[in-house]
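Single-letter residue listing:
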Amino acid sequence: MAILRIPDEDRVLTEVEVIRDHLAKSGIWYENWPVEGRCGPDASADEILASYAPEIQELNARGGYITADVIDVTPEVPGLQAMLDRFNKEHTHAEDEVRFIVKGSGVFHIHPDDAPVYAIEVREGDLINVPAGTKHWFDLCADRCIRAIRLFREKAGWTPVYTESTIASGYQPLCMGPSYLRGNTFRIQPAITVA
Ligand SMILES: [Fe+2]
């Protein structure tokens, strides 16, 4: 289940419907797909795509996506930091950034034109679509692990177009972690710190 933070207003949103409504103002789709009874998060890419085929087909029809794949990011990936550094600065894409999180977690910061920056932390079961042209940046959480289904119209459209803004450096890439949702004690995890 996702967590949405609005640092400039010192607000944290945790209710699915409230998060969905907030994201909708930016044209972002947010869904939480049931993962019970599906293949495990460590299944093969083909098994994962087959397991979530009904939802993928629905999204394809809705967004005009034509291909899907599964991206695996772990701390062992060669050149991981260089890869992360491509996406942790404010940028846009020529096409939607659609991700369904199978394993791990990450934080998208969204920079609306007419509202404060907010951070949406996504994890297993979360589907998010950051529309083409939306200013945003992305960080992994401290475990440096994420596995996600990606949907594309054209893979070339996913190349980042940088705004050259330094706004991202003004926001701490923090991950609240699942314990936050359980209430009581929780620990805020720093996301990946980059040079
Ligand atoms: Fe992006």
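The coordinates are above.
Quantities reported herein were computed from a predicted structural model and do not represent experimental measurements.

A. Quick peek at helix α1 (residues 16-24). Those residues of α1 that fall on the buried side of the exposure criterion are Ile19, His22 and Leu23. For α1, the angular spread of the buried residues around the axis is 95°, confining them to a single face. Residues of α1 that are exposed and point over 90 degrees away from its buried face: Glu17, Asp21 and Ala24. Buried positions along α1 lie against β1 (3-6), β2 (11-13), β3 (29-32) and β7 (118-123).

B. Spatial organisation of unusual backbone geometry. Phi angles above zero are rare outside glycine, and arginine 144 is one such case at about 50°. The topology assignment puts arginine 144 in the loop between β9 (136-140) and β10 (146-152). We note that glutamate 164 has phi near 70°; this positive angle belongs to a residue other than glycine. Tracing the backbone shows glutamate 164 in the loop between β11 (161-162) and β12 (174-175). Judged by the 7 C-beta atoms lying within 10 Å of it, glutamate 164 falls in the exposed class.

Conventions used here
- Residues numbered from 1 in each chain as written.
- Predicted model: local features only at pLDDT ≥ 70, side-chain atom pairs only at ≥ 80, totals over all residues.
- Buried ≥ 20, exposed ≤ 12 C-beta atoms within 10 Å, placed from the backbone.
- Helix = DSSP H or I, 4+ residues; strand = E, 2+ residues; numbered from the N terminus.
- Arc of directions from axis to C-beta.
- Contact = placed C-beta atoms within 7 Å.

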